[in-house]
Amino acid sequence: MIVTLFDSDVSTAWELYDLDLSEPLPRDIPKKKLPLWSATRFSGPRCAANAVDVAGIVFDVDVQPAPALETIREDMRGTEGFVYSSSSSTPAKPRWRLFIAVDTPILASEYKRVGHYVASLLSFPLAPNSIEPARIWYAPRVPEEGEYVFEAFAGEPLVLAELLAKAPPVAERGASDAPTPRPLSP
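The rules behind the values
- Residues numbered from 1 in each chain as written.
- Predicted model: local features only at pLDDT ≥ 70, side-chain atom pairs only at ≥ 80, totals over all residues.
- Heavy atoms only, no water.
- Buried < 20%, exposed > 50% of the residue type's maximum accessible area, 1.4 Å probe, protein only.
- Helix = DSSP H or I, 4+ residues; strand = E, 2+ residues; numbered from the N terminus.
- Pairing = 2+ DSSP bridges.
- Phe/Tyr/Trp six-rings, centres within 6.5 Å; stacked < 30°, edge-to-face > 60°.
- Axes fitted to C-alpha atoms, helices over the stretch in contact; angles between N-to-C directions.
- Contact = heavy atoms within 4.5 Å.
- Polar contact = N/O pair within 3.5 Å; in protein donor to acceptor, adjacent residues only side chain to side chain.
- Arc of directions from axis to C-beta.
- Core = buried A, V, L, I, M, F, W, Y, C linked by side-chain atoms within 4.5 Å.

Student: Would you mind going over the pairing of strand β7 (residues 81-85) with me for this structure?
Tutor: Regular strands have side chains that alternate between both faces of the sheet. Along β7, 5 of the 5 residues are buried, which leaves the element largely enclosed by surrounding structure. Here β7 shows no split at all, with G81, V83 and S85 on one side and F82 and Y84 on the other all buried. Across 5 bridges, β7 lies against strand β8 (residues 96-107) in antiparallel orientation. Within the sheet, the bridge partner assigned to G81 lies in β8 and is I100. In terms of strand pairing, β7 meets strand β10 (residues 150-153) through 4 bridges, oriented antiparallel. Opposite F82, over in β10, you have A152 as the bridge partner.

Dropping the structure here:
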């Protein structure tokens, strides 16, 4: 996966980098020393104003009680993406990072609208702050408890043009007009 990679200094991007999230870094690397990644391409230092576009939709899935992996699998059936456990995940309190592929990068100005809409289609809650175009995530490391989990989902990427046609403006979204949760694929 091509991402923008950051050193532990979160303001300066290294470069676009092919990052393999399927293997975690060793546990003995302190969290503050882990590299950070973003699916966003930036035109300068990391900030919302410099976000150009986002190569997929990324969510923190850590609102407790977080869903079991089987629930994430069911929601992702037929949709390309992957999920991995964060370094603070435990068997009793799972914490996930979920990536959902799109067929073309999402303009940063449209990312929140698309992200909120896709979040409304999932059957589990997401951390509200994860739908930010300039958001970054720590590279995974071996969890303190349990095993590291990485699972890729085979399927089709979401079609951005269809998402934009269906996604209401973020400012107009309310509980009454949110779509009924359902699997991402028809």
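On we go.
Student: Help me understand the packing of aromatic side chains in this model?
Tutor: Both the distance between ring centres and the angle between the ring planes are used here to describe each pair of aromatic rings. In total, this model carries 5 aromatic pairs according to the counting rule given. When the centroid spacing of 6.4 Å and the interplanar angle of 20 degrees are considered together, the rings of F82 and Y84 count as stacked. There is no split in this pair, since F82 and Y84 are both buried. In textbook terms, an aromatic cluster arises when at least three aromatic residues are bridged by ring pairs, as seen for F82, Y84, F99, Y148 and F150.

Student: Please explain the sheet that holds strand β5 (residues 51-61) as it appears in this structure.
Tutor: What links the strands of a sheet is backbone hydrogen bonding, and the strands pair in either a parallel or an antiparallel sense. Reading across the sheet, the 5 strands line up as β4-β5-β8-β7-β10 and stay open at both edges, with antiparallel pairing between neighbours. Of all strands in the sheet, those with a lone pairing partner are β4 (40-42) and β10, marking the two edges. This sheet shows a mean twist of 25 degrees between the axes of neighbouring strands, independent of strand direction. Across 8 bridges, the pairing between β5 and β8 is antiparallel. In the sheet register, V54 faces β8, and the bridge partner there is I106. On the sheet, helix α1 (residues 69-76) packs against β5, β7, β8 and β10 and is oriented at approximately 20 degrees with respect to β8. Along the sheet face, helix α2 (residues 108-121) touches β5 and β8 and points at about 25 degrees away from the line of β5.

Student: Mind showing me how you'd approach the side chain of S86 here?
Tutor: Relative to the assigned elements, S86 resides in the loop between β7 and β8. What makes S86 buried here is its relative accessible area of 5%. Once you skip the residues sitting within four places of it in the chain, S86 turns out to touch R95, R97 and P143.

Student: Hey, could you run me through the environment of V118 in this one?
Tutor: Mapped onto the secondary structure, V118 falls in helix α2. Here the alpha-carbon distance between V118 and I100, two residues 18 residues apart in the chain, equals 9.3 Å.

Student: Can you walk me through the side chain of S130 in this structure?
Tutor: The topology assignment puts S130 in the loop between α2 and β9 (137-138). Among the polar contacts listed, one links the side chain of S130 to the backbone oxygen of A127, at a separation of 2.9 Å. Those residues in contact with S130 that lie beyond four places of it in its chain are V58, F59, D60, R135 and W137.

Student: Mind showing me how you'd approach α1 here?
Tutor: Note: α-helices contain 3.6 residues per turn, so residues at a spacing of three or four share the same orientation. Turning to α1, its buried residues are L69, I72, D75 and M76. Looking down the long axis of α1, one finds its buried residues gathered within 125 degrees of arc, a one-sided arrangement. Buried residues in α1 make contact with β5, β6 (78-79), β7, β8 and β10.

Student: Whenever I open this one, the nonpolar core confuses me. Can you help?
Tutor: Nonpolar side chains tend to gather and get buried jointly when the protein is soluble and globular. Ranked by internal contacts, the top residues of the largest apolar core, which has 41 residues, are W37, I57, F59, I72 and L98. Within the residue set of this core, elements represented by two or more residues are β1 (2-6), β5, α1, β7, β8, α2 and α3 (160-166). It is β8 that provides the largest number of residues to this core, a total of 7 residues. Residues F6, L36, A108 and I136 belong to the second largest nonpolar core, which totals 7 residues.

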